[in-house]
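If you want the building blocks of each chain, they are given just below.
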Amino acid sequence: MESFPYYQEPKGVRMDSEELYKKSKSLFPGGVNSPVRAFKPYPFFVKSASGSEIYDVDGKKYLDYCLGYGPLILGHGHPAVLKAVKEQLEKGLHFGIPTETEIGLGEKIVEHVPDIEMLRFVNSGTEATVNAVRLARGYTDRENILMFDGGYHGANDSLLFSSEGVKSPGVPKALENSTTVAPFNDLEKVQIIAEKEELAAIVVEPVMGNAGCIPPGEGFLKGLRKICNEIDALLVFDEIITGFRLAMGGAQEYFNVKPDLVTMGKIIGGGFPIGAFGGKREIMKEVTPTGKIFHAGTFSGHPVAMSAGRATIEILEKEKVIKRTSNFAEEVAELFHEESEYPVNRVGPMLQVFFKDGDVKDAEDARKSDPEKFREFHRSLMDEGVFIPPSRMESWFISAAHSGEDLDRTRGAIKDCLERIGRGP
Ligand SMILES: Cc1ncc(COP(=O)(O)O)c(C=O)c1O
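Cut-off values and rules
- Residues numbered from 1 in each chain as written.
- Predicted model: local features only at pLDDT ≥ 70, side-chain atom pairs only at ≥ 80, totals over all residues.
- Heavy atoms only, no water.
- Pairing = 2+ DSSP bridges.
- Helix = DSSP H or I, 4+ residues; strand = E, 2+ residues; numbered from the N terminus.
- Contact = heavy atoms within 4.5 Å.
- Axes fitted to C-alpha atoms, helices over the stretch in contact; angles between N-to-C directions.
- Buried < 20%, exposed > 50% of the residue type's maximum accessible area, 1.4 Å probe, protein only.
- Polar contact = N/O pair within 3.5 Å; in protein donor to acceptor, adjacent residues only side chain to side chain.
- Expected span 1.5 Å × (residues − 1).
- Phe/Tyr/Trp six-rings, centres within 6.5 Å; stacked < 30°, edge-to-face > 60°.

Glancing now at the sheet that holds strand 15 (residues 386-387). Across the sheet, 4 strands lie side by side as 1-2-3-15; this open sheet has mixed pairing. Single-partner strands in this sheet number two, and they are strand 1 (46-50) and strand 15. Here strand 1 pairs with strand 2 (residues 53-56) via 4 bridges, running antiparallel. Residue pairing across strands places S50 opposite E53, the latter belonging to strand 2. Sitting on the sheet, helix 14 (residues 404-421) touches strand 2, strand 3 (61-64) and strand 15, and the angle it makes with strand 3 is about 105°.

So this is what it looks like as structure tokens:
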């Protein structure tokens, strides 16, 4: 078995995932560079991946429904993306000076996403939401933010809250005091808060992808739009998961609701680190250097990410990826309906099953699902060669590379797992 070129194993020694994890734990907190990756007893270490499959250093392969937590809508190593990246690499890695490639991707996003007239590229989803919040505060000259329980907007100090309070020590009290958390899908509560607080913005994941998969109820997003209009606050859609996934124009097209600001990430980088915040020209021109609201970044508009993102969007334009991945997710959801009593939420290609009784309409419901049962299911699916995100609070991701044969394998694996762990609460 080969090792990665950038990691030199001691001569004659081939380390498996367990051994690599031991080493990794001494280098990185919990052995990982992002906490969700640290599932028990230890994560597998990836050797390579191709299409819908991922291969680990232990010689196992998995059908991948995690897909790098969502960016790889075309699957691993799509030839068009690889070609675009290689061509860009030949020209140079990074310049810190404008390139045509950023115009290429910028134009594609403006063309497809209804409410982005102007945007700024950054390097992660977190950076996108940090800057969107600063812009909303600077533009409205207000500080208070309303967000939703179960929403995740990256490691952003202004938005690291849930109904249970602050999610992390180290977040300043002043920020806690300026953010209010409402239950998702509860317009009445939002209305009450909006009347009381001078809100700069309401920030929302239009489909909650970080509390499993929770769709907005009928009229919820339109209701948020109406409330923001009434109080002159900005409506910020965090489309880091939903962008180019639910529709080419993201959730705003899918649900026909117009936000003022939008954050994007994941898919638009084609597998490379990226984020973007954008929206109405009138608001975006307040960003430096035309305006006073600060944003800057050494790697912003990185040419490799730009070319990978543009190549990805070009494939999405040509092929019916969104429709195909949505149909695939529908089949998986259907199987859960047929084979189990557990609720399954699905919106387009996003889905999650909840090991509990009754519907899941908000994060409180999602938290009631059985974590042990989920772990058992996750482990059991891995034994069958299927890898889904290792948290009940994530959505499954499906790519263009997932075939009919993959669907059959997945259906078989789910049936076997349900047989083992039980079909209902
Ligand atoms: C909805 C949403 N917003 C923001 C982020 C943060 O993005 P990143 O991890 O690229 O910083 C994520 C990451 O999963 C996300 O799902």
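From this point, the narrative continues.
To continue, consider the side chain of E53. For E53, the location among the structural elements is in strand 2. We classify E53 as buried; its relative accessible area is 12%. At 3.0 Å, the side chain of E53 and the side chain of R409 are in polar contact. In this view, E53 contacts K61, Y62, L63, H76 and R409; residues no more than four positions away in its chain are not counted.

Another point: helix 7 (residues 220-231). Given a rise of 1.5 Å per residue, 12 residues ought to cover 16 Å, and the 17 Å separating the end C-alpha atoms of helix 7 matches this to within 8%. Those residues of helix 7 that fall on the buried side of the exposure criterion are F220, L221, G223, L224, R225, I227 and C228. Contacts from the buried residues of helix 7 go to strand 5 (144-148), helix 6 (187-196), strand 9 (199-204) and strand 10 (234-238). Of the residues trailing helix 7, D232 is marked for its positive phi of about 60°.

Counted according to the given criterion, the structure contains 16 aromatic pairs. One aromatic cluster is present, built from ring pairs that chain together Y65, F328, F336, Y342, F355, F377 and W396.

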